Amino acid sequence: MNPTDDTTDDDSRFSRRRILGATATVGALGLAGCSGNSGDGTPTDTEMGTTTETMDTDTPTGEDESMAAPDVPLLNYALTLEHLENAFYREGLDTFSDDELMNADALASFTGSVRAEVPDYLRTVGAHEAAHVTAITDTVEQLGGTPVAEGEYDFGYETPSEFLAVAQALENTGVAAYAGAAPQVVNNDVLAAAAGIHSVEARHAAFLNLVNDESPFPAAVDEAMSIDEVLEVAGQFVTSEVDPSVYETGDDRPQPDRKADDDTSDLGVLNYALTLEHLENAFYREGLDTFSDEQLMNADVLSSFSDEVRMAVPDHLRAVGQHEAAHVSAITDTVNQFGGTPVEEATYDFGYETPSEFLGVAQALENTGVAAYKGAAPTVSSDAVFSAAIGIHSVEARHAAFLNELNTESPFPRGVDEPMTMQEVTQVAGQFIVES
């Protein structure tokens, strides 16, 4: 199909479809700052540099140090987890060859072409964790703190499948850890960087859930864990001594500075999020009504996956749709509780005609959702609203990772997810809205 210069209704619709297709195939990677590897599994300089540069850009220095210093204990807490994950991947990838990982019993339901990608994906995850260590270490030092050092560990795995199972547990714990700590962060710049790492941990977790034959996104809102709960889990792997005093935040901490310069109200942020959730909810509702399970399973874009994996896709998509519907209900109720008027669902044209196009647009929407929540989170003042939003943020990232994978793209294209402003996200969403 080639675009024409005519401006008939049909051609205008095709033009819109072509734009949406570009969003699906390019936009998501643009949001995530697409970076790859050198072909042998080694992360490129671009990939490794992006994480550190993002943290450096978002990290306060000099004049802001008085506000950010209270965040050093939380940064050291995050650094403890990143050290553990970094050591885990470094040691595991040195222990097992690519052939051993590809032939892990846990991957038996995947085709050879998909299994062949797993070692490189694991190297990318490991590179992300190493970059997180570097970035957080630099941030702690810039704030006048002393970064915690890497410990000694015993991860207990003996087989490639056990290695993948421990990886799954660590990444899901990381998601819960960031969700629990984020509401306590005082400085907005530190929070923005942490939110970008939080969603990447969720992308890792979704991928590892999938390869371990579990749901990439087991809940509509990811739960948080306290520092004590997470350290108890991490302590199972740590064989060296740990000084818990480095994580003590004290009772006299300043209030979080979660307010953007535009002074957007919490109601405004909630209705902004509700607009996106309405759009996603309608998208899955309509798409799953349009295509049968058989049509979705046989989408051209899924041709590299095994029958077992393709058979699970419709149910996974239904779960995503249920999550978006639950988000709509929860945010609507919250707006009402705040005394506001919830925005209503609009009329949409998503522009897809085939199952593969449907999956492509889904990918674009979910990656946009990740960027939207990250961009809006630092402007939420209510702790309750923020905690709920950060739990949805990581679930959107889980969705995005799964849909990236289905569209044969990296589930986690960079080490820190980037934000989009409300104006940028509204412009993207506006392409689908035909009547509000």
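Right above here is the structure, for reference.
Counting restarts for each chain, with residues numbered from 1 along the sequence as it is written. Reporting in this predicted model follows two pLDDT cut-offs: at least 70 for local features of residues, and 80 or more for side-chain atom pairs to be given and counted; totals over whole chains, interfaces and linings ignore these cut-offs and use all residues. The side-chain figures draw on all heavy atoms in the structure; neither hydrogens nor water molecules are used.

A. Seen up close, helix H8 (residues 160–181). Helix and strand assignments come from DSSP, with helices taken as H or I runs of at least 4 residues and strands as E runs of at least 2, each series counted from the N terminus. Expected helix span is given by 1.5 Å per residue-to-residue step, counting one fewer step than there are residues. Under the 1.5 Å per step criterion, the end-to-end length of H8 is 31 Å for 22 residues, consistent within 8% with the ideal 32 Å. H8 sits mainly inside the fold: 18 of its 22 residues count as buried. Type-normalised accessible area, obtained with a 1.4 Å probe on protein chains alone, sets the label of each residue: buried when under 20%, exposed when over 50%, and partly exposed for intermediate values.

B. The arrangement of the packing of helix H11 (residues 266–290) against helix H16 (residues 422–430) in detail. Running from N to C, H11 and H16 point in directions that differ by 25°, and their axes come no closer than 11 Å. Looking at the two axes, H11 sits roughly parallel to H16. Relative to H16, H11 is oriented so that their crossing is left-handed. Touching Val 269, Tyr 272, Leu 276 and Leu 279 of H11 are Met 422, Val 425, Thr 426 and Ala 429, all from H16. Ten residues, namely Ala, Val, Leu, Ile, Met, Phe, Trp, Tyr, Cys and Pro, are considered nonpolar, four, namely Asp, Glu, Lys and Arg, are considered charged, and the remaining ones, Gly among them, are considered polar. Looking at the contact of H11 with H16, its residues break down into 7 nonpolar, 1 polar and no charged. Comment: axis = line fitted to C-alpha atoms, over the contacting stretch for helices; angle = value between 0 and 180 degrees taken between N-to-C directions. For classification purposes, angles smaller than 35 degrees are called roughly parallel, those larger than 145 roughly antiparallel, those between 65 and 115 roughly perpendicular, and all remaining angles oblique. Whether a crossing is left-handed or right-handed is set by the direction in which the near helix is turned from the far one by less than a right angle, anticlockwise for left-handed and clockwise for right-handed. Note on contacts: a residue pair qualifies if any of its non-hydrogen atoms lie within 4.5 Å across the two residues.

C. Examining the packing of aromatic side chains more closely. Only rings of Phe, Tyr and Trp enter the pairing, Trp through its six-membered ring, and a pair is recorded when the two centres are within 6.5 Å. The plane angle decides the type: under 30 degrees is stacked, over 60 is edge-to-face, the rest tilted. Tallied over the full model, the rule gives 25 aromatic pairs. Ring plane angle 85° and centroid distance 5.6 Å describe the contact between Phe 207 and Phe 412, whose orientation is recorded as edge-to-face. Taken together, the residues span a long stretch of sequence, with Phe 207 in helix H9 (residues 188–211) and Phe 412 in the loop between helix H15 (383–406) and H16 at a distance of 205 residues. As far as the burial class goes, Phe 207 and Phe 412 line up, both buried. Here Phe 283 and Tyr 352 contribute two aromatic rings whose centre-to-centre distance is 5.8 Å and whose plane-to-plane angle is 85°, an arrangement assigned as edge-to-face. Of the two residues, Phe 283 is situated in helix H11 and Tyr 352 in the loop between strand E1 (347–348) and helix H14 (355–376); the sequence distance between them amounts to 69 residues. Phe 283 gets classed as buried once you look at its relative accessible area, which sits at 0%. Its relative accessible area of 11% is what places Tyr 352 among the buried residues. Joined through ring pairs, the aromatic side chains of Phe 88, Tyr 89, Phe 96, Tyr 153, Phe 155, Tyr 157, Phe 163 and Phe 237 make up one cluster.

D. Structural context of the side chain of Glu 366. Looking at where Glu 366 falls in the secondary structure, it is placed in helix H14. No salt bridge is formed by the buried Glu 366; its nearest oppositely charged neighbour, Arg 203, is found at 9.0 Å. Excluding residues that lie within four positions of it along the chain, Glu 366 makes contacts with Glu 280, Tyr 284, Val 320, Glu 324, Glu 396, His 399, Ala 400 and Leu 403. Positive: Lys, Arg. Negative: Asp, Glu. His and the chain ends are not part of the count. The term salt bridge refers to a side-chain nitrogen of Lys or Arg lying within 4 Å of a carboxyl oxygen of Asp or Glu.

E. Spatial organisation of unusual backbone geometry. Of note, Asp 213 is a non-glycine position whose phi angle comes to about 60°, a positive value. The residue Asp 213 is located in the loop between H9 and helix H10 (227–234) in this model. Here Thr 408, not a glycine, exhibits a phi torsion of approximately 55°, which is positive. With respect to the secondary-structure elements, Thr 408 resides in the loop between H15 and H16.

Distances and angles like these do not, on their own, reveal function.
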